[in-house]
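# Understanding the architecture of this molecule
Chain by chain, the residues run as shown.
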Amino acid sequence: MAGWTNNDRPPVPQGITGSAQEGRGIVPRTPGQDERRGAPSLPVGAVLCALGGAVASSTLSFVGPGLVSYGYLSVAPRGGIRARVVCLASMLVPAAVVGMLAGVSMAASAVVACLMALAVCELTASHRLTPGALCAVVGAGALALLGADELVALANGTTLSADVRSLVDALQQQLGDALVGSSAQLGAVWAAVELLWPVAYVMAALGSCVSALVGALVASRSSSDVARLPRLADFDLPLWVVAVLVASVAGIAFAVSVDGSASQVALALSANVAMAVRFALAAQGLAVLVWLARGKGLGPFTSTLMGVVALYLEVQFVVLTIAGLVDVWANFRHLDRGVRPGATGATMQD
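Sequence order as written defines the numbering, with residues in each chain counted from 1. Since the coordinates come from a predicted model, pLDDT governs what is reported: local features require at least 70, and pairs of side-chain atoms require 80 or more to be given and counted, while whole-chain, interface and lining totals use all residues. Hydrogens are left out, water is left out, and the side-chain values use all remaining heavy atoms of the structure.

### Describing the packing of aromatic side chains
Only rings of Phe, Tyr and Trp enter the pairing, Trp through its six-membered ring, and a pair is recorded when the two centres are within 6.5 Å. The plane angle decides the type: under 30 degrees is stacked, over 60 is edge-to-face, the rest tilted. In this structure the tally under the stated criterion is one aromatic pair. Look at Trp197 and Tyr201: their rings are 6.4 Å apart centre to centre, the planes differ by 70 degrees, and that puts the pair in the edge-to-face class. On the basis of relative accessibility, which here comes to 14%, the residue Tyr201 falls in the buried class. Three labels apply to residues, based on accessible area from a 1.4 Å probe with only protein chains included: buried if under 20% of the type maximum, exposed if over 50%, partly exposed otherwise in between.

### What to know about the side chain of Asp149
When you line up the elements, Asp149 lands in helix H4 (residues 131-155). One buried charged residue, Asp149, remains without a salt bridge, the closest side chain of opposite sign being Arg165 at 16 Å. Within polar-contact distance, the side chain of Asp149 engages the side chain of Ser105 at 2.5 Å. Here a helix means four or more residues in a row that DSSP labels H or I, a strand means two or more in a row labelled E, and each is numbered from the N terminus. A residue counts as positive if it is Lys or Arg and as negative if it is Asp or Glu; His and the chain ends are not included. When a carboxyl oxygen of Asp or Glu lies within 4 Å of a side-chain nitrogen of Lys or Arg, that pair is called a salt bridge. Under the rule applied, a polar contact is a pair of N or O atoms within 3.5 Å (in protein, one hydrogen donor and one hydrogen acceptor; residues adjacent in sequence only if both atoms are side-chain atoms).

### Things to note about the packing of helix H2 (residues 64-100) against helix H3 (residues 104-125)
Axis definition: a line fit to C-alpha positions, over the contact stretch in the case of helices; interaxial angles, taken between N-to-C directions, run 0 to 180 degrees. Packing of H2 against H3 leaves a shortest axis separation of 7 Å and a crossing angle of 170 degrees. The angle between H2 and H3 falls in the class roughly antiparallel. Charged residues are taken to be Asp, Glu, Lys and Arg, nonpolar residues to be Ala, Val, Leu, Ile, Met, Phe, Trp, Tyr, Cys and Pro, and polar residues to be all remaining types, Gly included. Here the contact of H2 with H3 is composed, by residue class, of 23 nonpolar, three polar and two charged. What sets the label is the angle itself: under 35 degrees gives roughly parallel, over 145 gives roughly antiparallel, 65 to 115 gives roughly perpendicular, and the rest give oblique.

### Some points on the side chain of Ser223
Following the sequence through the fold, Ser223 ends up in the loop between helix H7 (199-222) and helix H8 (239-257). Classification of Ser223 as buried rests on a relative accessible area of 5%.

### Some details on the state of the cysteines
Our working definition of a disulfide is a cysteine sulfur pair at a distance within 2.5 Å. Summed over all chains, the structure comprises zero disulfides. Here Cys87 stays free of any disulfide, with the sulfur of Cys49 as its closest cysteine sulfur at 4.2 Å. Of the residues examined, Cys87 reaches a relative accessible area of 0% and is grouped as buried. Not engaged in a disulfide, the cysteine Cys121 finds its nearest cysteine sulfur in Cys49; these two sulfurs lie 7.7 Å apart.

### Description of unusual backbone geometry
Generally, phi is negative for residues other than glycine and the peptide bonds are trans, each holding for most cases. Even without being a glycine, His127 presents a positive backbone phi close to 60 degrees. When you line up the elements, His127 lands in the loop between H3 and H4. For His127, a relative accessible area of 45% gives the class partly exposed. Even without being a glycine, Val318 presents a positive backbone phi close to 50 degrees. Along the chain, Val318 falls in the loop between helix H10 (300-317) and helix H11 (319-330).

### Some details on H4
With 25 residues, H4 should cover 36 Å at 1.5 Å per step; its first-to-last C-alpha distance of 36 Å lies within 8% of that length. Those residues of H4 that sit buried are Pro131, Gly132, Ala133, Leu134, Val137, Val138, Gly141, Ala142, Leu145, Ala148, Asp149 and Ala153. Just beyond H4, the residue with positive phi is Gly157, at close to 80 degrees. The length a helix should cover is 1.5 Å for every residue beyond the first.

### What about helix H1 (residues 42-55)?
Compared with an ideal rise of 1.5 Å per residue, which puts 14 residues at 20 Å, H1 spans 20 Å between its outermost C-alpha atoms and is within 8% of the ideal. Among the residues of H1, those classed as buried are Gly45, Ala46, Leu48, Cys49, Gly52, Gly53 and Val55. Contacts are assigned to residue pairs with any non-hydrogen atoms lying within 4.5 Å of each other. Buried residues belonging to H1 abut H2 and H3.

### Quick look at the confidence of the model for the chain
Per-residue confidence for the chain averages 86 on the pLDDT scale, and 83% of its residues sit at or above 70. The predictor reports its confidence for every residue as pLDDT, a score running from 0 up to 100. Taken element by element, the predicted model of the chain shows its lowest mean pLDDT in helix H6 (residues 183-196) (82) and its highest in H4 (97). Predicted confidence is poor over residues 1-9, with pLDDT under 50, and the contacts of this stretch with residues over four places away or in other chains come to seven contacts. Low pLDDT, under 50, characterises residues 341-347; the predicted model gives this stretch 11 contacts beyond four residues in sequence or across chains.

### Details of a nonpolar patch on the surface
Like charges are joined within 9 Å and nonpolar side chains (Val, Leu, Ile, Met, Phe, Trp, Tyr) within 5 Å, but only among residues with over 30% relative accessible area and no salt bridge; these make up the patches. Exposure was quantified through the Shrake-Rupley algorithm and a 1.4 Å probe, taking into account, for residues, occlusion by the shown protein chains and nothing else. Together, Val93, Val97, Val98 and Leu101 line one region of the surface with nonpolar side chains, adding up to about 380 Å² of accessible area. One can find Val98 in helix H2. Val98 sits in the partly exposed class, given a relative accessible area of 30%.

### Considering the pattern of salt bridges
In the structure shown here, the tally under the stated rule is five salt bridges. Put simply, Asp236 and Arg333 hold a salt bridge, and the shortest N to O gap is 4.0 Å. Linking Asp236 in the loop between H7 and H8 with Arg333 in the segment after H11, this pair joins segments that are 97 residues apart in sequence. In this structure, Arg278 engages Glu314 in a salt bridge whose closest nitrogen and oxygen atoms are separated by 3.0 Å. With Arg278 in helix H9 (residues 261-295) and Glu314 in helix H10, the pair connects residues that are 36 residues apart, well separated along the chain.

### Side note on the environment of Phe235
Take Phe235: it is sitting in the loop between H7 and H8. With 51 residues separating them in the primary sequence, Phe235 and Leu286 have C-alpha atoms 8.9 Å apart.

### Examining the packing of H1 against H2
For the pair H1 and H2, interaxial distance at closest approach is 4 Å and the crossing angle is 30 degrees. Classified by the interaxial angle, the pair formed by H1 and H2 is roughly parallel. Regarding H1 and H2, the two cross each other, and that crossing is right-handed. Partitioned by chemical class, the residues of the contact of H1 with H2 number 20 nonpolar, six polar and one charged. Definitions for this section: a left-handed crossing has its near helix turned counterclockwise from the far helix by less than a right angle. A right-handed crossing has that turn clockwise.

Have a look at this one:
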């Protein structure tokens, strides 16, 4: 570090190369060797960002944010404004150009995925990557994806809801004859699809955010210059997320108690918000599971098997969601809530 002293050693006599710092270790360092040997250079980071932007416009779009996050976080924070601008241009231009080959919607999706990776990297570099910030990133990404597709639909003289309704009608016609005896169950499924289709955009944004977190995790472990990510076992949602859940449940109760167009709008909005908050609570439940596995000293195979079983139970019985919701008040992990991340012993929370 720049502020360290030279341990009160005498100055190096003239004619002797090297310095007192170079001979302190068991194996002397070679000239030019420093702690950044694991971090890629700016050109390499820009290439990774460009590759991630291009991949985000392909069928492997879920890999793109991870490549962008790894390339950006490895070089941009320590490179200053110039490195940030270079990486930003490197990711957005290929995402837009390659995406336009498949359509405006694909280009917009790729750009949004790159910007979400950028937000995750900047939050990580500034030690502000909290669960609340991640929820905000996912929410903003989902709204951006939804808004972009809605604008494309309006430009084509239709709307997203009308397109979804047409798709559901076509599927009903195709499957109606094949599944004659289960028309009631199919009717419930189609009604749920018509109501909850916006959740697909939340899932797409969540996938991009998870991919970006994986890339940031790899970058933080490959170089000592990159800020470390908080641990999943310390994931702790802020209370405003629970407040959003309570408001959505109240909106559903209002929608089922009244009639009219306002009731339909309130039901659609509240149901989709409640489903979106469910993902956040499930993440908190998964954090509790990771904490339990670590406390029991379970190995990687057993922990992975527990995670698979927990995800299956989450799909069937919302087990992780319930565990996460209870943990908000019960605090099973005994976290020091209210501590800013980045402080000594701080947890990943607001």
